[in-house]
Amino acid sequence: TQSEDILGYYVNVERIPNSCRDSPNHIFLKDRKVLLNLSMAYYRVNISAYNKAGESPQAVYIVPDFSATDLPGQIHVKRQGTNAVVTWTPEYNPKCFVVDWGTGKDDMHMKIVTTATRNFTLDNFQPYKLYKIMVHASDVCQCESFARHEKTFGVTQFYSVEGVPRTGPTNVTVLNITKHSALVKWTEIAAEDCLGFLQGYRFSYTDLSRKNSLAISLNSSTTSYHLTGLKAKTIYRVQISGFTNAGEGPPTLSQPFSTPKYGTVETLCICVTQHPS
């Protein structure tokens, strides 16, 4: 369809999840832009164009995760068997709260809390899975319209049971090797492989000529380490593992490298002594 033939656009905004089972919010537009004031819940936006002949196929857009900064309140989660108890302390008392929890946009649950409570029990948590928990406040609690008025109060992440990482970091490379130093870089452990909150890395390197090792603990945001004090013409082995509160995971495959006998630039001095005849 040519753009000059378009009469307008249909925009449907649907909350994910939506336990109200009501139809999405319908917006009719003439322009190709719309300002949406949304909470930090997941949303699906369906956009289609229409003209005298009918409606076009829909373009689907999933609103990405927002950064959980500058929120008005804090929420706390405590494990209780296979359940979790969420508590919060609001600065005001809205008519209702909306609690979302799940492992992602395709696995979210939702509950509207209309009683005067500041805690809620969530159930059916599985071990070693990272859950996102959100609490929203709303002064409009009619099921068909509250999603347009809710504001996110707090967001947190939660493991009911933590495990150790199932793998070490990937793409371990050794760069800028000199007689006495080397730079080691790696890619962080993927969130789905951590099985718990990653606390840091255990970085170890071994002098294979003497079989002696040194281990260093690094924070979880570190993805490189500059080795110094190495010996020239020596083979070293590097291994890195991640650890959570539950313990340390398996290390990476051994990554050997060899320091050169000479540096990248060596200055050779030839001294000539002239004796009188």
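To start, this report covers the structure provided alongside it.

Criteria and thresholds
Residues numbered from 1 in each chain as written. Predicted model: local features only at pLDDT ≥ 70, side-chain atom pairs only at ≥ 80, totals over all residues. Heavy atoms only, no water. Core = buried A, V, L, I, M, F, W, Y, C linked by side-chain atoms within 4.5 Å. Buried < 20%, exposed > 50% of the residue type's maximum accessible area, 1.4 Å probe, protein only. Helix = DSSP H or I, 4+ residues; strand = E, 2+ residues; numbered from the N terminus. Contact = heavy atoms within 4.5 Å. Polar contact = N/O pair within 3.5 Å; in protein donor to acceptor, adjacent residues only side chain to side chain. Pairing = 2+ DSSP bridges. Axes fitted to C-alpha atoms, helices over the stretch in contact; angles between N-to-C directions. Phe/Tyr/Trp six-rings, centres within 6.5 Å; stacked < 30°, edge-to-face > 60°. Lys NZ or Arg CZ within 6 Å of the ring centre and 35° of its normal.

## Description of the nonpolar core
Okay, step 1: One finds Val184, Trp186, Phe203, Leu227, Val238, Ile240 and Phe257 to be the most contacted residues of the largest nonpolar core, which totals 18 residues.
Okay, step 2: Elements with a minimum of two residues in this core: strand E13 (170–175), strand E14 (181–187), strand E15 (200–207) and strand E18 (235–244).
Okay, step 3: In contact with Phe257, not counting residues within four places along its chain, are Val174, Ile177, Ala182, Leu227, Leu230, Thr234, Ile235, Tyr236 and Val238.
Okay, step 4: Within the second largest apolar cluster, 17 residues are counted, among which are Val86, Trp88, Phe97 and Phe153.

## Some words on unusual backbone geometry
Okay, step 1: Between Ile16 and Pro17 the backbone carries a cis peptide bond, its omega angle lying at -5°.
Okay, step 2: With respect to the secondary-structure elements, Pro17 resides in the loop between strand E1 (8–16) and strand E2 (25–29).
Okay, step 3: Phi is positive for Leu195, which is not a glycine, with a value near 60°.
Okay, step 4: Inspection of the secondary structure puts Leu195 in the loop between helix H1 (191–194) and E15.

## Some thoughts on the side chain of Thr206
Okay, step 1: You can see Thr206 is positioned in strand E15.
Okay, step 2: For Thr206, the side chain forms a polar contact with the side chain of Ser213, separated by 2.7 Å.
Okay, step 3: Discounting chain neighbours no more than four positions away, the residues touching Thr206 are Lys211, Asn212, Ser213, Ile235, Tyr236 and Arg237.

## As for the pairing of E18
Taken residue by residue, a regular strand's side chains alternate between the two faces of the sheet.
Okay, step 1: In terms of burial, E18 is largely enclosed, as 7 of its 10 residues are buried.
Okay, step 2: Sheet topology note: the E18/strand E20 (residues 255–258) ladder contains 4 bridges and is antiparallel. In the strand pairing of E20, Arg237 is matched with Pro256.
Okay, step 3: Relative to strand E19 (residues 247–248), E18 is paired through 2 bridges, and the arrangement is antiparallel. Note on E19: the bridge partner recorded for Phe243 is Glu248.
Okay, step 4: Hairpin geometry of E18 and E19 is characterised by an intervening segment of 2 residues between the two adjacent antiparallel strands.

## Points about the sheet that holds strand E9 (residues 107–113)
Okay, step 1: Strand order in the open sheet made by the 4 strands is E9-E8-E11-E12, with antiparallel pairing throughout. Of all strands in the sheet, those bounded by a partner on one side alone are E9 and strand E12 (151–158). Direction aside, neighbouring strands of the sheet carry axes that sit 15° apart on average.

## As for the packing of aromatic side chains
How two aromatic rings sit relative to each other is given by the distance of their centres and the angle of their planes.
Okay, step 1: Taken as a whole, this structure holds 14 aromatic pairs when the rule is applied.
Okay, step 2: Each ring, one from Tyr10 and one from Tyr50, has its centre 4.4 Å from the other, and the planes form 25°; the classification is stacked. Of this pair, Tyr10 sits in strand E1 while Tyr50 is found in strand E3 (residues 42–51), placing the two residues 40 residues apart along the sequence.
Okay, step 3: Exposure remark for Tyr10: the relative accessible area of 25% places this residue in the partly exposed category.
Okay, step 4: For Tyr50, a relative accessible area of 17% gives the class buried.
Okay, step 5: The structure contains a cluster of three or more aromatic residues connected by ring pairs, namely Trp186, Tyr201, Phe203, Tyr205, Tyr225, Tyr236 and Phe257.
Okay, step 6: Here Arg202 stacks its cationic end above the ring of Phe243, 4.4 Å away from the centre of that ring.

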